[in-house]
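Understanding the architecture of this molecule
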Amino acid sequence: MPLGGLILLTSGAYLGILFAIAYWGDKRADVGRSIIANPYIYALSMAVYATSWTFYGSVGRAAASGVGFLPIYLGPTLMAALFWLVLRKMIRISKANRITSIADFIAARYGKSALLGGLVTLIAVIGVIPYIALQLKAVSSSFLILWQYPEIRMPNQGQALGPLQDTALYVALLLALFTIVFGTRHLDATERHEGMVAAIAFESLVKLLAFLAVGIFVTFGLYHGFADLFAQATRLPASDRLLTLGGPAGTYGSWASLIFLSMLSILFLPRQFQISVVENVNENHLAKAIWLFPLYLLAINVFVLPITFAGLMQFPAGSVDADAFVLTLPMAHRQEALALLVFIGGLSAATGMVIVETIALSTMICNDLAMPLLLRWKAFGLAQRSDLSGLLLGIRRGAILLLMLLGYLYYRAAGEAYALVSIGLVSFAAVAQFAPAMLGGMYWKQGTRAGALSGLSLGFLLWAYTLLLPAFAKSGWLPLSFIEQGPLAIAWLKPLALFGLAGLDEIGHSLFWSLLGNLGAYVGVSLFGRQSSREHAQALLFVDVFKVAGRGSSLWRGSASVSEVIALVGRFLGPARAAEAFADYAAQRGRQSSAELVPDADLVHFAEQQLAGAIGTASARVMLASVVQEEPLGMDEVLGILDEASQVLAYSRRLEQQSHELEAATGELRAANARLQELDRLKDDFISTVTHELRTPLTSIRAFSEILNDNPELEPAQRARFIAIIVKESERLTRMINQVLDLAKLESGRAEWHTASLDLAEVIEDAVATTSQLLQEQGVQLGLDLPAQVPPVLADRDRLLQVLLNLISNAAKFCDRQAGRIDIAVQVLPEALRVDVRDNGDGIDPADQQTIFEKFRQVGDNLTEKPQGTGLGLPISRQIIEHFGGRLWVRSARGQGATFSFTLPLGAPTLAAERFSGSETENRA
Amino acid sequence: MSKSVLIADDEPNIVISLEFLLEQAGYQVRVAHDGQEALEAIQRQPPDLLLLDVMLPRLSGFDVCQKIRENPAWQPMRIVMLTAKGREVEVSKGLALGADAYITKPFSTQELLAQVRDLLADR
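Residues numbered from 1 in each chain as written. Chains lettered and ligands numbered in written order. Predicted model: local features only at pLDDT ≥ 70, side-chain atom pairs only at ≥ 80, totals over all residues.

We now examine the overall build of chain A. Secondary structure assignment for chain A yields 38 helices and 9 strands. Considering chain A as a whole, with its 925 residues, one finds that 45% of them fall into the buried category. Pairs at least 24 residues apart make up 81% of the contacts formed inside chain A by residues separated by at least 6 positions. (Helix = DSSP H or I, 4+ residues; strand = E, 2+ residues; numbered from the N terminus. Buried ≥ 20, exposed ≤ 12 C-beta atoms within 10 Å, placed from the backbone. Contact = placed C-beta atoms within 7 Å.)

Shown next as C-alpha cells:
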C-alpha cells in the first residue's frame, strides 16, 4: 500500500508541532518563564551537530569505510572535554560584548572591523552552502524513496526533472518559509530565539529516537542481538577491512586530521556557535553539556555498524544506496510506521540544521555584510531613515531565502558528484579557517586586525584551491586536467598535491595547507604589525574577559544627547522596543524614566550593545559615532593603555624607541597630574585658612553677644567693655572679608585699575596725614625725607595709598613701645623710584622675612598679644606693587628695626602705559 | 571645693569671654596663652578640665593633648578641644589623641557650659 498522502500529512503535522513548540517557547520567554533554561535542553540543542549527514550519511560512510565514520564524532567528544576552558570563555566574551555571530566575534575582537566581519561572513556562506545543499538532497531523496513504497527503488536523480517537478525545490522553499516564520519574528538585541532552541532540542530527541528505533528493530527484530548480527556479518567479504584501520577505514593520519577537523567545527560551524554561544542562557549549563553531548553522540552512533552490516547483507550489492539503508531496511520488512518515523527523524535532522544555520548566516549577512555596505552607501540615505527595524527584518528574511535557493542551486549543479559525507567535510574545512583568528583572539593579545585579515584570506584561498575547485572539477565545471595535471600543467600546483605533497587524503591535504597558511599569516603579520588603540582595547577585553568583567565602557569619553541616542537605537529596533530597553536600563540605574538618564560612557556602551545585537558591532560603532562626539581618552585611561603598551611594544628596537617616548609622555602626564593635584590642595588649604580666620572674630562676637543677652544685669562698665569688643571684632571681620575679596580680585586679574601719572611725594604726604592721628596717639615720631624733585610715575593713586597706609600702620604696630620712630625716604634711581619705610622695633627674624608676605602669616610677639590685623596686608601690597612693575621687600635684623622698601619703575611714561593697557603694544611695534 | 578649669587660647577676646563664662558658672579659672605656658600651668597644678585651642603658638593643642595623655598622673583631667578648623580629620585626630570632647568655633556659650558641666559631673 503506497504511503503517499500519509507522508505529506505526517510531515505537515510534524512541522506543525515544531512550530507550536517554538511559538510556546517564545511566549514563555516573553513572560520571563524560559523553558530552555536548563542544561538538558541546552545539550540536546547542541546535538544540532548531528544532521541528516549523520542520520543517513553515517551508515553510508560506514558501508564504504567501516569505522571511518567515527572520527567525526570523536572530535567533538574530545572537544567537549575542553568546553569549560574554551567554550565558556567564548560565551563570556560574547555575552559581555553582545556578540551575535562568529563574524561579529572576529570583527569585534580586531577593533570592530567591518572588513573582517564581511570576510568571515563570505567564508561562512561559501563554506556552508554545500552543507545546506546536502540537507536538501537528503530530504528530497528520502521523500522520493518513501514515495515509491512498497517498491524499493533509488530515486531518479533531480537533474532529469525540471525544477518545477523537483521535490528539493519545494523542500527548499518550504524550509525557507518555515525558518523565516521561526527565526525572524522580531528583532532582538541579544539575537536569541528561545522558541527555536526549544524546537531544535525537540528535533534532536526525535532524530535520536527514530535512529535508535531502526537500530533496535534491525538488531533485535531482524537478528538476535549484536552477537548474532556481527557473527553473520563476518561472512561478508568486506567486514575485516571495514573494522580495522589502515585500509578504507582510513589511515592513522586521516583519522587524526578528521578528528582535528571535527574538533574545530563543533566550535566554529555557524550553527554550533549560534546554539552553544549565542543561545546559551547560563554558562553553568556547560557543565552538564560536557558529558551529555558526547553521550548523545555515542547513542546516535551505537547502531551505525549493525544497520550498515544488515543493509549490506539484506540488499544485493549496488541495488540500494548505503546512504538509504536506514530507511530501506524498515521498508523492506513492511514496517510502515517505522519507515515513517525514520523519514520524520531524517526530516528533523535536516530541518534542524537548515533552520539554525540559515538563521546564523542571515544574521551575519545582515549585520556584517549588508549593514556596513548600506551605511557607506550615502545615496541610500540610511542615516536619515526613521524606523529601520522593518528593513533589518526584510534583509534577514531575504538572506534566508537567498541561502536556501543557493543551497538548492548547488544541489542541482553539484549534488551528484559527491557522496553526502564528503560535502560535509568540505564545509568543516571551510569553517576550520576561523580557528586561528578566533582562538588567537581569545588567548593572544598581540593578534592584529591585519594578521586576522591575511590569515583568513590566505586560509580561505588555499581551502578553495585544494577542496572547492577540485569539487567543481569533479562536477564537470572545470576540466579534469586541472586536478590531474595541475593548472597549465604545472605539476607542483596540482590542487590535490600542492607543492608535491602527496600521500594525504583530500581533506587532510587541504587542512594541512590551508591551516598552515592561515596560522602562519596570522601570527607573522600580527608580530610585524601594530595594533591600533581600539584593537588593543578590544584585545584586552577579549583575552582578559574573566579579569576585566564590565570594564567595556571605561575606554570612552565623549558627549551625546540622550534623546538622540534613544532615537538612533529606535530606528533599528523600532521605537517601542528601544523605549522599553532604555526604560529598563533607567530602572536598573534607579532613575524614574529614560529622560533622567545622563549621556555617559555607560549609556553609550549600552546603546552600542543594543545596536550591536541588531546590526553587528562594527556597524553599531559607525552609527553611534554619528550622534556621539567622541573625545580623546582621559588621562587615567591613557596611563592604563600606555602601561600595557610599554610592555607589548618592547619587542623591536624601533618599537622600543616609541615605547620610550610613550614612557616619557607618561611621566609628563603623571607630573602634570601631580601639579594639578598640588594646586587643588593649595586651594583647599587657602579656603580652609580663610574660614579659620573668619571664624576667630566671629567666635568673640557670638560669645559676647550671648553673654550680654543672657546677663541683662551686667554692670554698665563691663557691659560697655564687652560691647566695645564686639564692635572691634566686627570691624576686624569686615576688614578681613574686604581684604580676602580684594586679594581674590587682584589674583584673578579682575581688579579695576585707574592708572594715571602721579606725584609720589604727594601720595606719601597724603598717607602721612591720614595716619598722623594714630601715630600721635601711640607717641610715634615720623621722619620724612623727600627729594626736591620727584619724577612722575604711572600708578593707581588709591592702590598706592593702600600700600603706604599698610606699611606705615605695620611700622607703627611694631616700632619701639617707648620711643617709637618711623622714617620714610624716597630716592630717585636711574630707572625707578624707591621708597623705604623704616621702624625702630625689634626687627624680623631672617626666617620670617619671606613668610610675612604669605597669606594669613603673621609674625608677632606671641608671648604677649596677637598682632592685630588680618595677615593679608603685605600679600595684597606686594600684589599691587608687582602690578605696577615694581618690587616690595624687607630688610631687617633682630633688634635693629625693619625696613620695608618698594620700587616703582620710571622708564618712559609711554612704556609704562603699555604695561597697563597691554593691547597697544602690537600697534606700536 | 569648686572645680578648676584651665583655658589655653591665644585670642585675647575669646579668652576674656571664656573666663567670664566659667567664673560666672562657679569654676576656678586660670589662663594660658600658648601651648608651652599651658603645660607649665598643668605641671604646677593640674586642673580638672582643660579648654584647649588647637592653633596655639609654640606648642600646638594636639601636642599638648598628647603630652597630657602620656602622663598617667594626668589621666583624670578632662580635655575639651576648641578649634576654628571644623574638618572631620581634625575632629577625629583630636579624639584619637585623647580629647574628651571637640567644640568648633564659633561656639554656643550654653552648649559649651553644658559640655563642661557634663564632663566634670562624670567624675
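Another aspect to go through is the overall build of chain B. Helices and strands together make up the secondary structure of chain B, namely 5 helices and 5 strands. Listed by position from the N terminus, the elements making up chain B come as β-α-β-α-β-α-β-α-β-α. For chain B, the proportion of its 123 residues judged to be buried stands at 41%. Long-range pairs, those at least 24 residues apart, make up 60% of the contacts in chain B with a sequence separation of at least 6.

Our focus in this paragraph is the sheet that holds strand β5 (residues 101-104) of chain B. All names here are of chain B. Taken in spatial order, the 5 strands line up as β2-β1-β3-β4-β5 in an open sheet, and their pairing is parallel. In the strand order of this sheet, the two ends are held by β2 (28-32) and β5, each with one partner. Averaged over all neighbouring strand pairs, the angle between strand axes comes to 20°, with direction disregarded. Contacts between helix α2 (residues 35-44) and the sheet are confined to β1 (4-8) and β2, with β1 contributing the most and set at about 160° to the helix. (Pairing = 2+ DSSP bridges. Axes fitted to C-alpha atoms, helices over the stretch in contact; angles between N-to-C directions.)

A few words now on the nonpolar core. The nonpolar side chains of a soluble globular protein tend to be buried with one another. Membership of the largest hydrophobic core comes to 200 residues, with the highest contact counts inside it found for A:Ile106, A:Val214, A:Phe268 and A:Ala429. Here this core gets 23 residues from one element, more than from any other, and that element is helix α18 (residues 336-376) of chain A. Leave out the neighbours within four places in its chain, and A:Phe268 touches A:Ile102, A:Phe273, A:Val431, A:Ala432, A:Phe434, A:Ala435 and A:Met438. Counting 37 residues, the second-largest nonpolar core is a separate cluster that includes B:Leu18, B:Leu21, B:Val29 and B:Val54. (Core = buried A, V, L, I, M, F, W, Y, C linked by C-beta atoms within 7 Å.)

Another aspect to go through is the confidence of the model for chain B. On average, residues of chain B score 87 in pLDDT, and 96% of them reach the 70 mark or higher. Here the predicted complex scores 0.56 on pTM and 0.92 on ipTM. (pLDDT = per-residue confidence, 0-100.)

Here we take up the sheet that holds strand β7 (residues 832-839) of chain A. Residue and element names in this part refer to chain A. Ordered by their spatial adjacency, 5 strands build an open sheet running β4-β6-β7-β9-β8, and the pairing between neighbours is mixed. Looking at strand neighbours, the two that pair on one side only are β4 (781-785) and β8 (888-892), the edges of this open sheet. For this sheet the average axis-to-axis angle between neighbouring strands, irrespective of direction, equals 15°. Note: β8 against strand β9 (residues 898-905), 5 bridges, orientation antiparallel. Bridge pairing in β9 places Val-890 opposite Phe-900. Contacts from helix α34 (residues 797-814) reach β6 (821-828), β7 and β9, with the element oriented near 25° to β7.

Residue and element names in this part refer to chain A. Along the chain, the position of Gly-441 falls in helix α21 (residues 434-443). For Gly-441, a count of 24 C-beta atoms within 10 Å puts it in the buried group. Sequence separation between Gly-441 and Ala-452 is 11 residues, and the spatial gap between their C-alpha atoms is 8.8 Å. In contact with Gly-441, other than residues within four places in its own chain, are Ile-106, Arg-109, Tyr-110, Gly-447 and Phe-542.

Attention now moves to the interface of chain A and chain B. Size of an interface: often given as the accessible area lost when the parts come together. Chain A puts 17 residues into the contact, and the matching count from chain B is 19 residues. Of the residues forming the side of chain A that touches chain B, the biggest block, 12 residues, is contributed by helix α31 (residues 653-710) of chain A. Partitioning the side of chain A that touches chain B into residue classes produces 5 nonpolar, 6 polar and 6 charged. (Nonpolar A, V, L, I, M, F, W, Y, C, P; charged D, E, K, R; others polar.)

Further remarks concern the pairing of strand β3 (residues 49-53) of chain B. Residue and element names in this part refer to chain B. Among the 5 residues of β3, 5 are classified as buried, and the element is accordingly described as predominantly covered. Of the two faces of β3, the one carrying Leu-49, Leu-51 and Asp-53 and the one carrying Leu-50 and Leu-52 are both buried. Examined bridge by bridge, β3 and strand β4 (residues 78-83) share 5 bridges and lie parallel to one another. Note that in β4 the partner of Leu-50 across the bridge is Ile-79. Where the polypeptide runs from β3 across helix α3 (residues 61-70) and back to β4, its parallel neighbour, the crossover connection is right-handed. (Right-handed = clockwise from strand over helix to strand, strands pointing away.)

Turning to helix α1 (residues 12-24) of chain B, a few remarks are in order. The terminal C-alpha atoms of α1(B), which comprises 13 residues, lie 18 Å apart, in line with the 18 Å expected from a rise of 1.5 Å per residue. B:Gly26 sits one or two residues past α1(B) and shows a positive phi near 95°. (Expected span 1.5 Å × (residues − 1).)

Residues and elements named next belong to chain A. Two elements in contact, helix α6 (residues 86-97) and helix α14 (residues 270-278), have axes separated by 9 Å at closest approach and are oriented at 75°. With respect to their mutual orientation, α6 and α14 come out roughly perpendicular. On α14, the residues touching Leu-87, Met-90, Ile-91 and Ser-94 of α6 are Ser-276, Val-277 and Val-278. Class assignment of the residues belonging to the contact of α6 with α14 gives a composition of 5 nonpolar, 2 polar and no charged. (Parallel < 35°, antiparallel > 145°, perpendicular 65-115°, else oblique.)

Right, let's talk about the packing of helix α2 (residues 39-46) of chain A against helix α10 (residues 194-222) of chain A for a bit. All names here are of chain A. Where α2 contacts α10, the two axes come as close as 8 Å, and the packing angle between them is 70°. Comparing the axis directions of α2 and α10 gives the class roughly perpendicular. The two elements α2 and α10 meet at a crossing, and its hand is left-handed. On the side of α2, the interface is formed by Ile-41, Leu-44 and Ser-45, while α10 contributes Val-197, Ala-198, Ile-200, Ala-201, Ser-204 and Leu-205. Taken together, the residues that form the contact of α2 with α10 break down as 7 nonpolar, 2 polar and no charged. (Left-handed = near helix turned anticlockwise from the far one by under 90°.)

The amide bond that connects B:Lys105 to the next residue, B:Pro106, takes the cis arrangement and shows omega of -5°. Here B:Pro106 shows up in the loop between β5 and α5 (109-121). Even without being a glycine, A:Arg334 presents a positive backbone phi close to 60°. Structurally, A:Arg334 is set in the loop between α17 (325-332) and α18. A tally of 11 C-beta atoms within 10 Å means that A:Arg334 is categorised as exposed. The phi torsion at B:Arg58 lies on the positive side, around 70°, for a residue other than glycine. Mapped onto the secondary structure, B:Arg58 falls in the loop between β3 and α3.

What follows concerns the confidence of the model for chain A. Residues and elements named next belong to chain A. For chain A, the average pLDDT comes to 78, and 81% of its residues sit at 70 or higher. The spread of mean pLDDT over the elements of chain A runs between helix α38 (residues 920-924), the lowest at 35, and β9, the highest at 90. Predicted confidence is poor over residues 860-867, with pLDDT under 50, and the contacts of this stretch with residues over four places away or in other chains come to 12 contacts. Contacts from residues 908-925, a stretch scored under 50 in pLDDT, to residues over four places away or in other chains number 12 contacts.

Mapped onto the secondary structure, A:Ser141 falls in helix α8 (residues 114-147). Along the primary structure A:Ser141 and A:Met154 are separated by 13 residues, whereas in three dimensions their C-alpha atoms are 8.2 Å apart.

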